[in-house]
Amino acid sequence: MREIIVNLLLGVGLLAAINSLFQVACFLLIYLRPSKLHRYRHTTAGKPAWAFVTGSSDGIGKAYAFELASRGFNVALHGRSSAKLAKLSEELTAAFPNRSFKTIVADASQCATDEIVSALQGHNLTVLINNAGGGPVPSFGMVSDYTEKEIMDNVNLNATFPALLLSRLLPTLVCNAPSLVINMGSMADNGLPLMSFYNGSKAFSRILCQTMANDMVLEGHAVEVMCVQTGGVTGTSHIKIKPDLFNPDTRTFVKAALARVGCGRAVVVGYFPHALQQVMSDMMPGIIKQKVFINVMKQRREGERERMKNN
Ligand SMILES: NC(=O)c1ccc[n+]([C@@H]2O[C@H](COP(=O)([O-])OP(=O)(O)OC[C@H]3O[C@@H](n4cnc5c(N)ncnc54)[C@H](OP(=O)(O)O)[C@@H]3O)[C@@H](O)[C@H]2O)c1
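Please read these numbers as outputs of a predicted model, since none were measured by experiment. Each chain has its residues counted from 1, running along the sequence as written. In keeping with the predicted nature of the model, local features appear solely for residues at pLDDT of at least 70, side-chain atom pairs appear and are counted solely at 80 or more, and the whole-chain, interface and lining totals rest on all residues. Water and hydrogen atoms were dropped before computing side-chain values, which therefore reflect all heavy atoms in the structure.

In this structure, what is going on with the overall build of the protein chain? I would like to understand it.
What counts as a helix is a DSSP run of H or I of at least four residues, what counts as a strand is a run of E of at least two, and both are numbered from the N terminus. Along the protein chain, the regular secondary structure elements total 9 helices and 7 strands. Relative to the compact-globule value of 19 Å for 311 residues, the protein chain shows a C-alpha radius of gyration of 21 Å, a close match. Reported as C-alpha extents along the three principal axes, the dimensions of the protein chain are approximately 75 × 55 × 35 Å. Of the roughly 16200 Å² of accessible surface on the protein chain, a fraction of 61% belongs to carbon and sulfur atoms. Charge counting follows a simple rule: Lys and Arg are positive, Asp and Glu are negative, and His as well as the terminal groups are ignored. Note that the charge is assigned to NZ on lysines, CZ on arginines, CG on aspartates and CD on glutamates. In the protein chain, 31 side chains carry a positive charge and 22 a negative one; their mean positions are 6 Å apart. Here the globule rule is a power law, 2.2 Å times the number of residues to the power 0.38, and the radius of gyration is based on C-alpha atoms. Per-residue and other accessible areas follow the Shrake-Rupley method at a 1.4 Å probe size, with only the shown protein chains counted as cover for residues.

If you want it as structure tokens, here you go:
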């Protein structure tokens, strides 16, 4: 009897070890596989490929625009400020004289999609990056600290606008397939306190991607849909700290995000050190995780209050 129990325990242990090794191998493979971005740089009816990056006048979106242009895409740029977009378009044209760029001004918080759809009409759009987004001002607070309009504008920017844009542009992306959609998610949607409706909007966008990725398979459309979960990235409009391992600059982050294209996951942490942070967070017992989250966010709120007082 004792021998049977020992053998059973050994068997269970072996299975658990094989399962863990398999999980680690699958995790590492995500970051070792080469990117399949080149799949989407193709002509359709003789027309060259275009990428559309929302919120490309600054931060991560601007880095996407440069990176996609360097990988052979023409890029449609978007933001609220025509002056910022015109300057960026000039910079891109100087850096990539063989690429074409166009600018589209549209307020995402008002879900202004008509301007975008008509500006992209007739282009061979094969890549859509839903990047425009961000927190409210101040970034950290209780939901009751914001007005109804502030909450609605922020939810529109981070959730409703990307959903409506997808609904308007999906027929074009299907027509031009193979094509790619990336939504910018946030690891804050793990439940970081003081960011309630921003996190809720990002979670909406993540589930939208996950479900749409299944829709595409169900319908047999060659449209890859991916939500890139993101931790801290610096060099943006609101984060200006010196880059470090867990807070890469926008260029490093975007290269990592585009390297994940074709990895087969609908939701993926784009940048490897952020993925390690996510694994550590997943492994923490709930009560400890809550304490860590609360301490980190209390400090961030204090830091933001200090900065606002000094400005
Ligand atoms: N940086 C991070 O640590 C981090 C972490 C997790 C997730 N993310 C996500 O990554 C994405 C990019 O963030 P970022 O840090 O690069 O932000 P950013 O530097 O503030 O850039 C935001 C971009 O979105 C545009 N935008 C903002 N509100 C808009 C509106 N109402 N209508 C049209 N365009 C609008 C901005 O255009 P204007 O030039 O007109 O302002 C700008 O081009 C966001 O979805 C954000 O939630 C960032």
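What is the right way to look at the packing of aromatic side chains in this model?
The description of two aromatic rings rests on the distance between their centres and on the angle between their planes. Side-chain rings of Phe, Tyr and Trp, where Trp is taken by its six-membered ring, are said to pair if the distance between their centres is within 6.5 Å; with planes under 30 degrees apart they count as stacked, over 60 as edge-to-face, and otherwise as tilted. This model, assessed by the stated rule, comprises 5 aromatic pairs. These aromatic residues form a ring-pair network of at least three members: Phe27, Tyr31 and Phe272.

Where do I start with the site of the ligand in this structure?
Neighbouring the ligand are 33 residues, the closest being Ser57, Arg80, Lys84, Tyr198 and Ser237. By the criterion applied in these results, polar contacts are pairs of N or O atoms within 3.5 Å in which, for protein atoms, one can donate a hydrogen and the other can accept it, and in which residues neighboring in sequence qualify only through two side-chain atoms. Arg80 is positioned such that a nitrogen or oxygen atom in its side chain is 2.6 Å from an oxygen atom of the ligand. Taking Ser109, its main chain carries an N or O atom lying 3.4 Å from a nitrogen atom of the ligand. Protein contact buries 92% of the 890 Å² of open area that the ligand shows by itself. Mapped by element, the contributors of at least two residues to the shell around the ligand are α2 (59–70), β2 (74–79) and α6 (196–219). For the shell around the ligand, the class distribution of residues is 9 nonpolar, 19 polar and 5 charged. For this purpose, a residue is taken to be near a molecule or strand whenever a single non-hydrogen atom of the residue falls within 4 Å of it. Only Asp, Glu, Lys and Arg are considered charged in this grouping, and only Ala, Val, Leu, Ile, Met, Phe, Trp, Tyr, Cys and Pro are considered nonpolar; every other residue, Gly among them, is considered polar.

How do you make sense of the packing of α2 against helix α3 (residues 82–95) when you look at a structure like this?
The description of two packed helices rests on the angle between their axes and on the distance between the axes. Axis separation between α2 and α3 bottoms out at 11 Å; the angle between their running directions is 25°. Overall, the two elements α2 and α3 adopt an arrangement that is roughly parallel. Here α2 runs over α3; the crossing is right-handed. For the pair formed by α2 and α3, the contact residues are Lys62, Ala65, Phe66 and Ala69 on the first element and Leu88, Glu91, Leu92 and Ala95 on the second. Angles run from 0 to 180 degrees between N-to-C directions of axes, and those axes are lines fitted to C-alpha atoms, restricted for helices to the stretch in contact. When describing relative orientation, an angle under 35 degrees is termed roughly parallel and one over 145 degrees roughly antiparallel, while 65 to 115 degrees is termed roughly perpendicular and anything else oblique. For a crossing to be left-handed, the near helix must be turned anticlockwise from the far one by less than a right angle; the clockwise case is right-handed. Residues count as neighbours in contact if any of their non-hydrogen atoms are within 4.5 Å of one another.

Quick question: what am I supposed to make of unusual backbone geometry here?
Most peptide bonds adopt trans geometry, and most residues besides glycine take a negative phi value. Omega for the peptide link from Val137 to Pro138 comes to -5°, which places this bond in the cis form. Topologically, Pro138 is positioned in the loop between β4 (124–130) and α5 (148–175). Cis geometry is adopted by the peptide bond preceding Pro178, which originates at Ala177 and carries an omega value of 5°. By the secondary structure assignment, Pro178 is in the loop between α5 and β5 (179–184). In the Ramachandran plot, Ala45 falls in the positive-phi region, its phi being about 50° despite a non-glycine side chain. Residue placement: Ala45 occurs in the loop between α1 (2–32) and β1 (49–53).

When you look at the UniProt feature "transmembrane region" (unreviewed entry) in the protein chain in this model, what are you seeing that I'm missing?
Following the UniProt record, one finds the feature "transmembrane region" (unreviewed entry) at residues 6–32. Span residues 6–32 is 100% helix and 0% strand, its end C-alpha atoms 38 Å apart. UniProt positions are given in the numbering used here, feature names are shortened, and annotations may be inferred rather than shown by experiment.

Explain the sheet that holds strand β3 (residues 101–105) to me, please; I cannot follow it from the model alone.
Strands pair in a sheet through their backbones, by hydrogen bonds, and they do so in one of two ways: parallel or antiparallel. In space, the 7 strands of this open sheet follow the order β3-β2-β1-β4-β5-β6-β7, with parallel pairing throughout. The sheet is open, and its two edges are formed by β3 and β7 (267–269), each paired on a single side. Going across the sheet, the axis of each strand differs from the next one's by a mean of 25°, ignoring polarity. One ladder, built from 3 bridges, connects strand β6 (residues 223–229) with β7; its direction is parallel. Along β7, the bridge assignment pairs Cys227 with Val267. Only strands that DSSP links by at least two bridges are regarded as paired with each other.

What am I meant to see in the pairing of β3 here?
Along a regular strand, successive side chains alternate from one face of the sheet to the other. Pairing of β2 with β3 involves 5 bridges; the strand directions are parallel. From the neighbouring strand, Val75 faces β3, where its bridge partner is Phe101. Orienting the strands away from the viewer, one traces the path from the first strand over the helix to the second; a clockwise path indicates a right-handed crossover. In the classification by handedness, the crossover that spans β2, the intervening α3 and the parallel β3 is right-handed.

How do you make sense of the nonpolar core when you look at a structure like this?
Most often, soluble globular proteins have nonpolar side chains that are buried together. Nonpolar cores were defined as sets of buried Ala, Val, Leu, Ile, Met, Phe, Trp, Tyr and Cys residues, with membership established by side-chain atoms within 4.5 Å. The cut-offs for exposure are 20% and 50% of the maximum accessible area for each residue type, with area from a 1.4 Å probe on protein chains only; residues under the lower value are buried, those over the upper are exposed, and the others partly exposed. With 41 residues, the main nonpolar core has Tyr64, Leu68, Ile182 and Phe253 as its most contacted residues. Here this core takes 6 residues from α2, the largest share from any one element. Those residues within four positions of Phe253 in sequence are excluded, and the remaining contacts are Ile60, Tyr64, Met184, Val228, Thr230, Val233, Pro248, Tyr271 and His274.

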